[in-house]
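This is what each chain is made of:
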Protein chains: 2
Amino acid sequence: MTRIAVVQTNPELGNIPLNVRRAVELIASMEADLYVLPELCNTGYNFADRREVDRLAEPPDGFTFRAMTEIAAKTKARIVYGFAEKSDALYNSAALVGPAGIIGLYRKVHLYARETLFFTPGNLGFPVFDLPFGRLGIMICFDWYYPESARTLALKNAQIIAHPSNLVMPHCPDAMIVRCLENRVFAATADRVGTEKRGVTELTYIGKSEIVDPDGGVLIRMDQEEVGIRVVEVDLKTALKKKINRYNDLIAGRRPGEYGW
Amino acid sequence: MTRIAVVQTNPELGNIPLNVRRAVELIASMEADLYVLPELCNTGYNFADRREVDRLAEPPDGFTFRAMTEIAAKTKARIVYGFAEKSDALYNSAALVGPAGIIGLYRKVHLYARETLFFTPGNLGFPVFDLPFGRLGIMICFDWYYPESARTLALKNAQIIAHPSNLVMPHCPDAMIVRCLENRVFAATADRVGTEKRGVTELTYIGKSEIVDPDGGVLIRMDQEEVGIRVVEVDLKTALKKKINRYNDLIAGRRPGEYGW
């Protein structure tokens with residue numbers, strides 16, 4: 001059995017030391033094998049302009065990475081967290097770290113709304129990573145809207161999708177039930193709460209971080225305002241069985257020849 | 001504006017004349033531009049064996065087709081209905097007819113459970129048809145489980161998906177909200193009600209026929225037992241606009257290069 005945690009935060013825009021410290025405290029407060037944190041959990045989300053992102057973004061081995069690796073070593077856990085990445089370009093990224101440091105990186109493929117002004121679209125595809133407890137894939141927030149995201153991860157045999165998010169539209173929590181059903185995977189959506197007002201742009205985040213199982217069962221759903229951490233123990237092997245009855249294997253039953261794309 | 005009707009029936013297994021007569025009566029009872037009827041609406045669903053299907057199946061220009069074309073001519077409407085097709089093989093099919101006869105045929109691509117014992121998987125892809133009120137695509141029941149079905153139709157610019165169904169699992173009505181959201185299409189799911197017991201196999205159908213709009217709004221949802229017809233007037237042009245904000249066009253925003261399949 002594997003203990004999966006979703007961490008729901010309320011970052012203060014631009015205050016990376018504070019946001020990371022609070023995230024680390026939440027991680028330290030409850031034992032798990034995998035912690036999933038929100039999108040851009042170190043910086044906040046509602047940037048004024050690209051210059052602000054450029055100032056706040058970090059390389060993959062920056063301050064946030066070091067803090068996350070330190071708590072991963074202490075807890076012997078794996079952690080997926082969203083951060084603003086500065087390397088050859090600015091990316092809306094998520095890192096997967098463990099006790100020994102970096103394991104993998106994902107760069108958001110489907111940028112949402114004003115993110116398109118600040119970030120370069122992801123160019124690493126949808127990678128999967130083999131961890132002691134199973135195979136993990138990552139997608140970020142609006143990627144959920146595209147069925148191709150979770151499908152790509154399922155076709156690579158991901159058993160659980162870590163899904164750092166900053167949700168402003170209402171649909172995702174229920175839609176993730178469909179993503180899990182259609183792919184028979186687990187998903188851990190870690191969202192943030194709170195409101196960020198910058199100039200005329202005010203965004204309120206819906207919280208509702210959740211963990212869903214391959215039968216579409218909602219194992220955990222947090223509320224819209226709570227800051228905290230929730231853990232559930234799951235059997236990730238369930239996600240390896242793609243049969244939903246003796247006749248239908250969901251993945252083997254795909255018929256690409258009839259889709260024509 | 002276009003009037004879309006879902007017709008929810010309770011066919012008697014094997015009694016084609018009765019089932020077709022009742023379906024025609026429901027169509028005649030309320031005006032619409034498009035009527036969508038359930039999967040296998042002429043035969044019923046829970047067949048004992050392949051021999052029974054072979055006995056009940058009809059060519060695309062058979063008895064059911066003639067009755068549907070006749071009422072299409074009287075009502076000047078288009079009708080999508082599910083039937084057991086016998087041509088070079090047995091297919092779980094849906095026909096689209098109008099006042100002048102046959103317009104198109106779809107053969108279920110993703111067969112569900114025991115259907116795999118009776119029918120040959122569909123080999124016509126997911127075709128779309130241009131009607132006076134807009135472009136229509138067809139998928140049947142379990143096709144909903146595969147995001148590729150509705151996606152294929154949306155990529156062919158279908159504005160509305162006619163979705164004849166015989167639902168036994170609970171997920172479809174809510175999942176169709178996601179299918180409509182992710183593709184910005186309308187969908188009309190026509191389901192049946194009732195219970196069919198054959199030997200050890202007893203199936204209860206969940207009804208809940210529905211019409212959903214491109215914003216994921218449920219315009220109509222029938223109950224679990226009602227036999228009847230419901231009509232809603234919609235602006236199918238809405239489904240041509242794939243932008244959900246000034247930055248995100250859902251279809252143009254797909255990134256096949258990152259999916260790798």
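The text that follows walks through the structure, step by step, so that each part is easy to find. (Residues numbered from 1 in each chain as written. Chains lettered and ligands numbered in written order. Predicted model: local features only at pLDDT ≥ 70, side-chain atom pairs only at ≥ 80, totals over all residues. Heavy atoms only, no water.)

## Looking at the relation of the copies chain A and chain B
Both copies of the chain are related by a screw-like operation: a rotation about an axis and a shift along it. Taken as rigid bodies, chain A and chain B are interconverted by a rotation of 180° and an axial shift of 0.0 Å, the fit giving an RMSD of 0.0 Å. Both chain copies can therefore be described as sitting about a two-fold axis. Across chain A, the smallest distance between a C-alpha and the rotation axis is recorded for P147(A), namely 3.2 Å. (Least-squares fit on C-alpha atoms with pLDDT ≥ 70 in both.)

## Quick look at helix α6 (residues 172–183) of chain A
All names here are of chain A. Over its twelve residues, α6 extends 16 Å from the first C-alpha to the last, a length consistent with the 16 Å expected when each residue adds 1.5 Å. Taking burial as the measure, the twelve residues of α6 include eleven buried ones, the bulk of the element. Here α6 has its buried residues at C172, P173, A175, M176, I177, V178, R179, C180, L181, E182 and N183. One or two positions beyond α6, positive phi appears at R184, with a value near 50°. (Helix = DSSP H or I, 4+ residues; strand = E, 2+ residues; numbered from the N terminus. Expected span 1.5 Å × (residues − 1). Buried < 20%, exposed > 50% of the residue type's maximum accessible area, 1.4 Å probe, protein only.)

## Section: the state of the cysteines
Counted by the stated rule, this structure contains zero disulfides over all chains. Free of any disulfide, C180(A) has its nearest cysteine sulfur in C172(A), 9.9 Å distant. Exposure remark for C180(A): the relative accessible area of 1% places this residue in the buried category. The thiol of C172(B) is unpaired, and the distance to the nearest cysteine sulfur, on C141(B), comes to 6.6 Å. (Disulfide = S-S within 2.5 Å.)

## Things to note about the sheet that holds strand β12 (residues 210–212) of chain A
Residues and elements named next belong to chain A. The six strands lie next to each other as β6-β7-β8-β9-β12-β13, forming an open sheet whose pairing is mixed. The sheet terminates laterally at β6 (128–131) and β13 (218–221), the two strands that pair on one side only. Here the average twist between neighbouring strands, direction ignored, is 15°. Here strand β8 (residues 160–164) pairs with strand β9 (residues 186–190) via five bridges, running parallel. Following the sheet pairing, A162 is matched in β9 by A188. (Pairing = 2+ DSSP bridges. Axes fitted to C-alpha atoms, helices over the stretch in contact; angles between N-to-C directions.)

## Section: the pattern of salt bridges
Tallied over the entire structure, the rule returns 43 salt bridges over all chains. Salt-bridge contacts for R21(A) lead to E25(A); the nearest nitrogen and oxygen are separated by 3.1 Å. Of the two residues, R21(A) and E25(A) are both situated in helix α1 (residues 16–28); the distance of four residues between them amounts to about one turn of the helix. The class for E25(A) is partly exposed, based on a relative accessible area of 45%. In this structure, K74(B) engages E70(B) in a salt bridge whose closest nitrogen and oxygen atoms are separated by 3.8 Å. Here the residue K74(B) and the residue E70(B) both occupy positions in helix α3 (residues 63–75), the gap between them amounting to four residues, near one helical turn. Residue class for K74(B) comes out exposed when judged on its relative accessible area of 63%. For E70(B), a relative accessible area of 49% translates into the label partly exposed. Among the charged side chains, a network of salt bridges with common partners joins R179(A), E182(A), R179(B) and E182(B). (Salt bridge = Lys/Arg side-chain N within 4 Å of Asp/Glu carboxyl O.)

## Topic: the pairing of strand β4 (residues 90–98) of chain A
All names here are of chain A. For β4, a buried count of nine out of nine residues is recorded, marking the element as mostly surrounded by other parts of the structure. Every second residue of β4 is oriented toward a common face, with L90, N92, A94, L96 and G98 on one face and Y91, S93, A95 and V97 on the other, all of them buried. As paired elements, strand β3 (residues 78–86) and β4 share eight bridges and run antiparallel to each other. Within the sheet, the bridge partner assigned to G82 lies in β4 and is A94. Relative to strand β5 (residues 101–107), β4 runs antiparallel, the two being bridged by six bridges. Looking across to β5, one finds that S93 is bridged to R107. Counting the residues between successive antiparallel strands, the hairpin from β4 to β5 contains two residues.

## Some words on the interface of chain A and chain B
Taken together, the contacts link 42 residues of chain A with 42 residues of chain B. Between chain A and chain B, a total of about 3,600 Å² is buried, with carbon and sulfur atoms accounting for 61% of that surface. Per-residue buried area on chain A facing chain B is highest for Y247(A), E258(A) and W261(A); these three make up 18% of the total on that side. On the surface where chain A and chain B come into contact, there are six salt bridges. Across the pair E148(B) and R254(A) runs a salt bridge whose closest N-O atoms are separated by 2.7 Å. Here the side of chain A that touches chain B is built from residues that sort into 22 nonpolar, ten polar and ten charged. (Contact = heavy atoms within 4.5 Å. Buried area = accessible area lost by both parts, 1.4 Å probe. Nonpolar A, V, L, I, M, F, W, Y, C, P; charged D, E, K, R; others polar.)

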